[in-house]
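Geometric and topological summary
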Amino acid sequence: MAAAAAAGAVSGKIIYEQEGVYIHSSCGKTNDQDSLISGILRVLEKDAEVIVDWRPLDDALDSSSILYAGKDSSSVVEWTHTPKERVHRGSEHLNSYEAEWDMVNTVSFKKKPHTNGDAPSHRNGKSKWSFLFSLTDLKSIKQNKEGMGWSYLVFCLKDDVVLPALHFHHGDSKLLIESLEKYVVLCESPQDKRTLLVNFQNKSLSQSFENLLDEPAYGLIQKIKKDPYTATMVGFSKVTNYIFDSLRGSDPSTHQRPPSEMADFLSDAIPGLKINQQEEPGFEVITRIDLGERPVVQRKEPVSLEEWTKNIDSEGRILNVDNMKQMIFRGGLSHSLRKQAWKFLLGYFPWDSTKEERTQLQKQKTDEYFRMKLQWKSVSEEQEKRNSRLRDYRSLIEKDVNRTDRTNKFYEGQDNPGLILLHDILMTYCMYDFDLGYVQGMSDLLSPLLYVMENEVDAFWCFASYMDQMHQNFEEQMQGMKTQLIQLSTLLRLLDSGFCSYLESQDSGYLYFCFRWLLIRFKREFSFLDILRLWEVMWTDLPCKNFHLLLCCAILESEKQQIMEKHYGFNEILKHINELSMKIDVEDILCKAEAISLQMVQCKELPQAVCEILGLQGSDVTTPDSDTGDDENVGTTCHPSTFHSNTSPAPAASEAKDDRPAQMLVSQNASRLTPA
């Protein structure tokens, strides 16, 4: 949105700033001489928006002559003067940049007829102009010819609204273009090389929460398209209630948009994720595989402090580590043991370390932690004013911490020491990993760790170890998330090709609704105590690699019947999956996921792609010749390592009993997409 997006009480991050940017106005002139209006041009990041703002340098700016751009429900841009009632303000308010943002958000917008690209009219030719717009509303940029005096740029917004030309008397227009290219792709127009056309892409991760329900429907979809992290982290069920409405508009003829069009909006949010198309290169067609009977698995009691102690020698080493991991996988840990055992599971403490070695390690890590903490603690206010990156991290962390697990007694109430520790650990992590810094969702991963450790230093190093595992989830290009969604699709198709086909028929085959599950490892799907159990089981790395993907399969398989019998469409599937939050039985899902793993381990014809996803040893794979139509069985001989379990056989999944010939797609590259 052009102006409404600029509102807020927090100053935006300045990406670009240049004085000596002029508007050459001929308003009110009787001759050809322009009046020069000197101004300052800024590009700012504000929450999930990028704002381009120009305003006069005159500090005595009359607020009644400020122009602003906005959109009404018909997406028609209007230029108008600030309402009279907002003129009488103190000088302090007028000189406050954020106050100006507040001002433009509180005015009402009136629909204005289309002006066929004409520049906005100005009722007072001597007034000093100001404008701002969101980068999402930018259509093109026109540049002057080389060697033709001062460089200038003309911004053309959507609906062909053209803003006044900005003349760069001090040069640096190229720096502005470079700044904008961090967020959009600018391509030369085939018709006019001086015109740069805008192609908006998700080139930087939004790093903040957004209340999507406060956005108009159009803005809601824009957030989903350009920022799947934020969109999926915040009330996905609420998002889906508005998805279809957002595309309908006011024209009744548009009310029947096909679900495929809606799916395109979501799949475009992660470029290159169309993973279930028959024509997709890199997929092999194979005959349906009989996975055999699925064992019935039973969980055991949590490992007790007594059992743990029995497995420690006189010097404090853990005896029979593999057996201990098996016990933890089978039943989890008693809560009194977590503070000690999690340090081993997360790799903070080596399994073969002695008690003395761990004491020395903690002392070393304590010194290292507080050295890093001192780095940001010692930054003065004046220094921070010149460090936009640190300011942004601090602002975002403060915002996220204040809404992380606030119903948990450990974090509830005002001035809670738990919140202070969350904040300090996350700020220190920015010093530990400069490249990644802080990304929304990381507070969710830290919260349970701090709750269990009850110690700032130990919680930090456990968090750092966990982030080593989860790092790719938060990287800018989202390659880790793409890889996991493709791998999940491969596994689900092997388990139930019929269900996959149904999801594809409803434009849900890309499994976008699992994004949040993978991003923060089910943190929002289970209760706080259940997450403690689930995470410690996953940290054993048993029974196979990528066990969390089998957990996803188990959940989806449990919901298959309702989704298919009730003929859920795209919108209903998305909504239904999201509303499973806090309703899933963690022990039941762990049993089902383990049973799936055992069923696959016992299969002698597991596709090589699946073997690679699960980390099972396999031999060469032979596939039928797709050109000749040969429908021989796939010669996949994957020899998995055995995983001992007390199980009993159960009937195989219903789809495995189907004797009809069927084929399925398995990605040959499913597990080869993880970035180096």
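Remember, predicted model here, so these are calculated numbers, not experimental data. (Residues numbered from 1 in each chain as written. Predicted model: local features only at pLDDT ≥ 70, side-chain atom pairs only at ≥ 80, totals over all residues. Heavy atoms only, no water.)

Focus: the packing of aromatic side chains
Our working definition: Stacked, edge-to-face and tilted labels apply to pairs of Phe, Tyr and Trp rings (six-membered ring for Trp) whose centres lie within 6.5 Å, assigned for plane angles under 30 degrees, over 60, and everything in between, in that order. Only DSSP runs of H or I reaching four residues or more are called helices, and only runs of E reaching two or more are called strands; each is numbered from the N terminus. With a 1.4 Å probe rolled over the protein chains alone, any residue whose accessible area is under 20% of its type maximum counts as buried; one over 50% counts as exposed, and the rest are partly exposed. Charge over a ring is defined by NZ of Lys or CZ of Arg lying within 6 Å of the ring centre and within 35 degrees of the ring normal.
The final tally for this structure, using the stated rule, is 28 aromatic pairs. Centroid distance Phe-410 to Tyr-451: 5.8 Å. Interplanar angle 80 degrees. Geometry classified as edge-to-face. Note that Phe-410 is positioned in the loop between helix 14 (388–401) and helix 15 (417–432) and Tyr-451 in helix 16 (residues 442–453), a separation of 41 residues in sequence. With relative accessibility at 22%, the residue Phe-410 sits in the partly exposed group. Measuring from centroid to centroid gives 6.0 Å for Trp-535 and Trp-539, while their planes differ by 45 degrees, and the two rings are tilted. Across the pair, Trp-539 and Trp-535 agree in class, each one buried. Chaining the aromatic ring pairs together yields one cluster made of Tyr-369, Phe-370, Tyr-429, Tyr-432, Phe-460, Trp-461 and Phe-463. Against the face of Trp-461 rests Lys-365, its NZ or CZ located 4.1 Å from the ring centre.

Some details on the packing of helix 15 against helix 16
Each pair of packed helices can be summarised by the angle the axes make with each other and by the distance between the axes. Rule in force here: Lines fitted to the C-alpha atoms define the axes, with helices restricted to the stretch that makes contact. Angles between their N-to-C directions range from 0 to 180 degrees. Between 65 and 115 degrees an angle is taken as roughly perpendicular, under 35 as roughly parallel, over 145 as roughly antiparallel, and anywhere else as oblique. Crossings are sorted by hand: turned counterclockwise from the far helix by less than a right angle, the near helix makes the crossing left-handed, and turned clockwise it makes it right-handed. It only takes one pair of heavy atoms within 4.5 Å for two residues to be counted as in contact. Three residue categories are used. Nonpolar comprises Ala, Val, Leu, Ile, Met, Phe, Trp, Tyr, Cys and Pro, charged comprises Asp, Glu, Lys and Arg, and polar comprises the others, including Gly.
Two elements in contact, helix 15 and helix 16, have axes whose closest approach is 10 Å; the angle formed by their N-to-C orientations is 125 degrees. Of the possible angle classes, the one that applies to helix 15 and helix 16 is oblique. Two packed elements cross with a definite hand, and for helix 15 against helix 16 that hand is right-handed. In this structure, helix 15 contributes Gly-418, Leu-421, Leu-422, Ile-425, Leu-426 and Tyr-429 to the contact, and helix 16 contributes Met-442, Ser-443, Leu-446, Ser-447 and Leu-450. Grouping the constituent residues of the contact of helix 15 with helix 16 by class yields 8 nonpolar, 3 polar and no charged.

Things to note about the environment of Thr-366
Put simply, the test is: Side-chain atoms alone can form a polar contact between residues adjacent in sequence; in general such a contact is a pair of N or O atoms within 3.5 Å, and within protein one must be able to donate a hydrogen while the other accepts it.
Here Thr-366 shows up in helix 12 (residues 355–377). Each C-alpha atom, one on Thr-366 and one on Asp-458, is 8.3 Å from the other, the two residues being 92 residues apart in sequence. In terms of polar contacts, Thr-366 uses its side chain to reach the backbone carbonyl oxygen of Gln-362, at 2.7 Å.

A look at the nonpolar core
As a reminder of what qualifies: For the purposes of this section, nonpolar cores are sets of buried Ala, Val, Leu, Ile, Met, Phe, Trp, Tyr and Cys residues that join through side-chain atoms within 4.5 Å.
Among the nonpolar cores identified, the biggest contains 122 residues, and Phe-474, Phe-522 and Met-600 are the most heavily contacted of them. Non-local contacts of Met-600, meaning those with residues more than four positions away in its chain, are made with Leu-491, Leu-494, Leu-495, Leu-550, Leu-606, Val-610 and Leu-614. In terms of nonpolar packing, the next biggest core, distinct from the first, is built from 29 residues, Ile-15, Val-21, Leu-153 and Leu-176 among them.

Considerations on the pattern of salt bridges
The condition that has to hold: Within this document, salt bridges are pairs made up of a side-chain nitrogen of Lys or Arg and a carboxyl oxygen of Asp or Glu, the two lying within 4 Å of each other.
The full count for this structure, using the stated rule, is 27 salt bridges. With a shortest N-O distance of 3.7 Å, Lys-13 and Asp-392 are connected by a salt bridge. Residue Lys-13 is located in strand 1 (residues 13–25), and its partner Asp-392 is located in helix 14; the two are separated by 379 residues in the primary sequence. A salt bridge links Asp-313 to Arg-317; the shortest N-O distance between them is 3.7 Å. Accessibility expressed as a relative area gives 24% for Asp-313, which makes it partly exposed.

Regarding unusual backbone geometry
Backbone phi values are negative for most residues with the exception of glycine, while trans is the configuration of most peptide bonds. A cis amide bond links Leu-542 with the next residue in sequence, Pro-543, at an omega value of 0 degrees. With respect to the helices and strands, Pro-543 occurs in the loop between helix 21 (528–538) and helix 22 (547–565). Even without glycine at this site, Phe-522 takes up a positive phi of about 70 degrees. Counting through the fold element by element, Phe-522 comes out in the loop between helix 20 (515–519) and helix 21. Taking relative accessible area as the criterion, Phe-522 reaches 1% and is therefore assigned buried. The phi angle at Asp-541 is positive, at roughly 60 degrees, despite the residue not being glycine. Position of Asp-541 among the secondary structure elements: in the loop between helix 21 and helix 22.

Things to note about the confidence of the model for the chain
As a reminder, the rule being used: The pLDDT score gives, residue by residue, the confidence of the prediction method on a 0 to 100 scale.
Looking at the chain as a whole, the pLDDT averages 74, with 63% of positions reaching at least 70. Across the chain, element-level confidence peaks in helix 21 with a mean pLDDT of 98 and bottoms out in helix 2 (residues 97–106) with 29. This stretch, residues 651–676, has a pLDDT under 50; its non-local contacts, to residues over four places away or in other chains, come to 72 contacts.

A word on the pairing of strand 6 (residues 131–134)
Threshold: Here, strands pair whenever DSSP counts at least two bridges between them.
Of the two faces of strand 6, both are covered, the one formed by Phe-131 and Phe-133 as well as the one formed by Leu-132 and Ser-134. Bridging between strand 3 (residues 49–56) and strand 6 involves 4 bridges; their strand directions are antiparallel. Note on strand 6: the bridge partner recorded for Asp-53 is Leu-132.

Regarding helix 10 (residues 321–331)
Residues of helix 10 that are buried include every one of Met-324, Ile-328, Phe-329, Arg-330 and Gly-331, and no others. Close packing links the buried residues of helix 10 with helix 9 (305–310), helix 11 (335–345), helix 21, helix 22 and helix 24 (586–602). Directly after helix 10, the chain includes Gly-332, whose backbone phi takes a positive value near 80 degrees.

Structural notes on the environment of Asp-290
Within the secondary structure, Asp-290 sits in the loop between strand 12 (283–287) and strand 13 (294–297). Counting along the chain gives 316 residues from Asp-290 to Leu-606, while the straight-line C-alpha distance between them is 9.3 Å. Engagement of the side chain of Asp-290 in a polar contact is seen with the backbone nitrogen of Gly-292, the distance being 2.9 Å.

Overview of the environment of Leu-488
Considering the arrangement of structural elements, one finds Leu-488 in helix 18 (residues 479–495). Sequence separation between Leu-488 and Tyr-510 is 22 residues; the distance between their C-alpha atoms is 9.5 Å.

Re helix 24
In plain terms, the rule: Given the number of residues in a helix, its expected span is that number minus one, multiplied by 1.5 Å.
Taking 1.5 Å per residue, 17 residues should reach 24 Å; helix 24 reaches 24 Å between its end C-alpha atoms and fits that length. Within helix 24, 13 of the 17 residues are buried, which leaves the element mostly enclosed by the surrounding structure. Its side-chain oxygen at 3.0 Å from the backbone nitrogen of Glu-587, Asp-585 defines the N-terminal cap of helix 24.

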